[in-house]
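As a plain string of letters, each chain reads:
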Amino acid sequence: MTNIQMSAASRFGVESSRLLIAAGAIMLFLPGAPLCRASFAEPHRSHRLNRPVQTATIDSSAGLDATPGESFRVFLASGFPHIDKIGAWEAREWNWILGSAAILVLLSLLWTEILRQRIRSQNNLLQEWARREIALKNQYEELFENANDIIYTTDLEGNITSINRATEKLTRYNREEVLGSNVSNYIAKEYHEAVRQILKQKLREKGSTTYSMEIIAKNGHRIPLEISSRLIYENGRPVGAQGIARDITERQRVELERRNAHEAAEAANRAKSEFLANMSHEIRTPLNGVLGMTDLALNTRLNEEQREYLTLVKSSGETLLTVINDILDFSKIEAGRLDINPIDFELRDSLGDTLKTLSLRAHEKGLELALHVAHDVPYYVCADPTRLRQIVVNLVGNAIKFTEAGEVVLHVTMESQTENELMLHFTVTDTGIGIPSDKQEMIFAPFTQADSSATRRFGGTGLGLTISFQLTELMGGRLWVESTEGKGSSFHFTIRCRPATSDGESTAPSGNVNLKGLPTLVVDDNATNRRLLEEILSNWGMTPAMADGGWTGLETMRQATASRKPFPLVLIDALMPDMDGFTLAERIK
């Protein structure tokens, strides 16, 4: 490119001189374009006259002798339309030929330049990609070499093709010793077969595999590794494997120390629990002696002050015995020494006797204590009545403790039944203080109550629910609670038991007494008691009628007598407002 071309290119912002030359060619041959178009539009005169074109012969000597004006005329005749003739040719034919040639040359130059620009752009793009590839390769090599973990590659036969510096540092082998050798040379022998199986599995399944094994360093030390490996693919076919291995020596040491500490703590806890379980007899025996002698002393002649003191001693001793029993039972459960002994027993009688022991506490607080057993529950079952009694005492006792007014009811229903197994569902409901929703899980933890102040207000060790929870699990069931703060709680538990194998008979009324259709009046101010008695009497085939108080009961009896359908049987609650049971019985007489 000349200096003039470079100057022009830079002045007009043209990238290449070839484009500038093309622009000049357009300016030079632009006058021939109209003649070219005219020649297409108007045919040659010889064609119009149907005459052959006569070609003029130009004498070369004449050209040499031509004057400068004539030579200039011949030259201009090829490019300018105002020149009429050169020999036998007309100027328009020359303009058509030269104009067409100029256009073809121009198009060729333009297409060549476009191709050059595209090739240059592609070359720049390929160079940029190559630079990026080189940068990525350098980054990978830097990460590969400076990683703290072992990074390696192998072929499909397990021959090592590359390792990083961490491999040399950990194994004490240099690259020249390792490259080309098989990985089996460095793996502990007991892992050889496992590694072969893993490689076979990887050839069948894509994805990474994580496993642990030990390698042998150059100094003979065994190094535990956690390895994550995957296959390397080329053109869709596996050609090798790549792995990252981490030294887990420190992790295994920490895990071993933690496991040993955990086992030591469990051993100490078992030793403590076994000690308490073994001491249960020695602890209970003297305390039972104190309580027994206190009872004997209370049966002697005592003044009021002495009786008050001994009564306090007995009450405190019984409380202490309850706490000791809870602690010892909890220790037995922790030590795994609490056994379940299933026997055949009458379920309703057992539950009734259990509630009788709690009825005095309920009576002292003015609470209604009721038992409801569904009619489809068998009378005899095979389970552990002692542990069942313990669960019921804990739950009903808590319900009475945390209920100031209202009622406590124990419901028993059949949850499921098969030929060889029964699942009984027990529910203890109360109208007490309730439990906040965020405390309903923690109350089953040892030595825990819903409110720390409850320990001082209501007493107790916080072990009752924990023991009950574990006993229900030992009996194949579970324990949970549903409660609304301020409205009461419902504790549910289930136990698995078997149908009784004994020949015990139902304790439902039988024999010569015919109760079918017997009209019976139930007078009770408590709606729950009325509902329970109505269900029981109906299951026995009787015809019960309900009255919610003494005056209602008297009116119901008068109406029945007037209709000549008196009640031959009346069941009366002793304690009712307005008119108690004893007064009602006197009036009926």
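Model, not experiment: these values are computed from the prediction.

Definitions and cut-offs
- Residues numbered from 1 in each chain as written.
- Predicted model: local features only at pLDDT ≥ 70, side-chain atom pairs only at ≥ 80, totals over all residues.
- Heavy atoms only, no water.
- pLDDT = per-residue confidence, 0-100.
- Helix = DSSP H or I, 4+ residues; strand = E, 2+ residues; numbered from the N terminus.
- Contact = heavy atoms within 4.5 Å.
- Axes fitted to C-alpha atoms, helices over the stretch in contact; angles between N-to-C directions.
- Left-handed = near helix turned anticlockwise from the far one by under 90°.
- Nonpolar A, V, L, I, M, F, W, Y, C, P; charged D, E, K, R; others polar.
- Pairing = 2+ DSSP bridges.
- Buried < 20%, exposed > 50% of the residue type's maximum accessible area, 1.4 Å probe, protein only.
- Right-handed = clockwise from strand over helix to strand, strands pointing away.

Undergrad: What exactly am I supposed to notice about the confidence of the model for the protein here?
TA: Low pLDDT marks stretches whose predicted atomic positions should not be read closely. When pLDDT is averaged along the protein, the result is 78, and 77% of the positions lie at 70 or above. No element of the protein has a lower mean pLDDT than helix α5 (residues 60–65), which averages 44, and none a higher one than strand β12 (residues 422–430), which averages 94. Across residues 4–15, where pLDDT falls below 50, the model places eleven contacts with residues more than four positions away in sequence or in other chains. Every residue in residues 53–88 scores below 50 in pLDDT, and together they form 30 contacts with partners more than four places removed in sequence or on other chains.

Undergrad: Before we go on, may I ask you to explain the packing of helix α14 (residues 347–364) against helix α15 (residues 385–401) in this structure?
TA: Each pair of packed helices can be summarised by the angle the axes make with each other and by the distance between the axes. Where α14 contacts α15, the axes come no closer than 10 Å and their chain directions differ by 30°. Viewed along their axes, α14 and α15 form a crossing whose handedness is right-handed. Counting all contacts with α14, which are made through L347, S350, L351, D353, T354, L355, T357, L358, R361 and A362, the residues of α15 involved are P385, L388, R389, V392, V393, V396, G397 and I400. Each residue belonging to the contact of α14 with α15 can be placed in one class, and the counts come to eleven nonpolar, four polar and three charged.

Undergrad: I would appreciate a short explanation of the sheet that holds strand β6 (residues 222–234) in the present structure.
TA: The strands making up a sheet associate through backbone hydrogen bonding, with each pair oriented either parallel or antiparallel. Spatial ordering of the open sheet is given by β4-β3-β7-β6-β5, a layout of five strands whose pairing is antiparallel. Each end of this open sheet is capped by a strand with a single partner; those strands are β4 (160–163) and β5 (209–216). Shown here is a sheet whose adjacent strand axes are inclined to one another by a mean of 30°, direction ignored. Bridging between strand β3 (residues 150–155) and strand β7 (residues 237–247) involves six bridges; their strand directions are antiparallel. Paired with D155 across the two strands is G240, which belongs to β7.

Undergrad: For this particular structure, what's the right way to read the pairing of strand β15 (residues 519–523)?
TA: Along any regular strand the residues' side chains alternate between the sheet's two faces. Within β15, four of the five residues are buried, which leaves the element mostly enclosed by the surrounding structure. Judged from the five bridges that link them, β15 and strand β16 (residues 543–547) form a sheet pairing that is parallel. Across the sheet, the residue bridging to L521 is A545, located in β16. Each parallel crossover has a hand, and the one from β15 via helix α18 (residues 527–539) to β16 is right-handed. The pairing of β15 with strand β17 (residues 569–572) spans four bridges and is parallel. Bridge pairing links L521 to V570 in β17.

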